[in-house]
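Descriptive structure summary
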Amino acid sequence: MKHGKKYVDSLKKYDPAKKYSIAEAAKLVKDLHYVKFDETVELSVSLHLEKNQSVRDTLVFPHQFAGEKRVLVFCKDERVQEAKDAGALYAGSTEFIEKVKGGWTDFDIAVATPDMMKDVGRLGMVLGRKGLMPNPKTGTVTNDIAKAVAELKKGRTEFRADKGGVVHIPVGKVSMDPKDTAENISVFLTELDRKKPATAKVDFIRSVSLSSSMGPGVWIDHKEEA
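Thresholds, definitions, all that
- Residues numbered from 1 in each chain as written.
- Predicted model: local features only at pLDDT ≥ 70, side-chain atom pairs only at ≥ 80, totals over all residues.
- Heavy atoms only, no water.
- Pairing = 2+ DSSP bridges.
- Helix = DSSP H or I, 4+ residues; strand = E, 2+ residues; numbered from the N terminus.
- Axes fitted to C-alpha atoms, helices over the stretch in contact; angles between N-to-C directions.
- Buried < 20%, exposed > 50% of the residue type's maximum accessible area, 1.4 Å probe, protein only.
- Arc of directions from axis to C-beta.
- Contact = heavy atoms within 4.5 Å.

**Observations concerning the sheet that holds strand β10 (residues 218-220)**
Within a sheet, neighbouring strands are paired by backbone hydrogen bonds and run either parallel or antiparallel to one another. Taking strand neighbours across the sheet as the criterion, the five strands line up as β1-β10-β9-β2-β8 in an open arrangement whose pairing is mixed. Every interior strand has two partners, whereas the edge strands, β1 (19-20) and β8 (166-173), have only one. Here three bridges tie strand β9 (residues 205-212) to β10, and the two strands are oriented antiparallel to one another. For Val208, the partnering residue across the bridge sits in β10 and is Ile220.

Next comes the structure, spelled out in structure tokens:
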């Protein structure tokens, strides 16, 4: 892949092969920023997972950076007002199931009460493809609508390892104070380590890198931080 001049010039500002501390990496990514828009800062963590192992959960970062989430709650009619009072933008049953069947996905997160999952589960072709299917593991299938919506509105973020055992997760914006981005990274790595499978190898985390949407990657010395 051929990169532009600004990207190539940014590579001259640091050592691409060196591993930096979390604080240094967060500052470097901000310094390497060269485009006009406020890029998202993303962390990529390669994990040592066996074929039968997976990692998936959610967390709330101490420093928020994303816009307010549009939450849809699939629930019976008698709980619609409860969902809206909690902050859901949309709430209902048949009406929204039919809309989603038709391809409508004008929301960021979907929550469902357990008694709705029989019908919601049939929306896999639409919701699954976009990563919007409610799941008990991420707290989006629950009877506690108020708690779920409140946490999601605060910015609860889902993370999961892909087929290659890599977790990609946004941790900030380049406009943020690097100290805040660094704290978000530290919180995430601590949480990720807590979620490692019981049978995971000692070197569970293989490598960690940080980059902005358009910028080069910066390696993080995660073992030094541990």
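After presenting the structure, the write-up continues.
**Brief notes about the sheet that holds strand β6 (residues 109-112)**
Taken in spatial order, the three strands make up an open sheet running β5-β4-β6, and their pairing is parallel. Of all the strands in the sheet, the pair left with one neighbour each is β5 (90-92) and β6. Taking the axes of each pair of neighbouring strands and ignoring which way they run, one obtains an average angle of 15 degrees across the sheet. The pairing of strand β4 (residues 71-74) with β5 spans three bridges and is parallel.

**Some points on helix α7 (residues 145-154)**
Buried within α7 we find Ile145, Ala148, Val149 and Leu152. Down the axis of α7, the smallest arc covering the buried residues is 90 degrees, so these residues share one side. Opposite the buried face of α7, by more than 90 degrees, sit the exposed residues Lys147 and Lys154. Those residues of α7 that are buried lie in contact with β4, α3 (80-85), β6 and β7 (156-160). Looking one or two residues past α7, Gly155 carries a phi angle of roughly 110 degrees, positive in sign.

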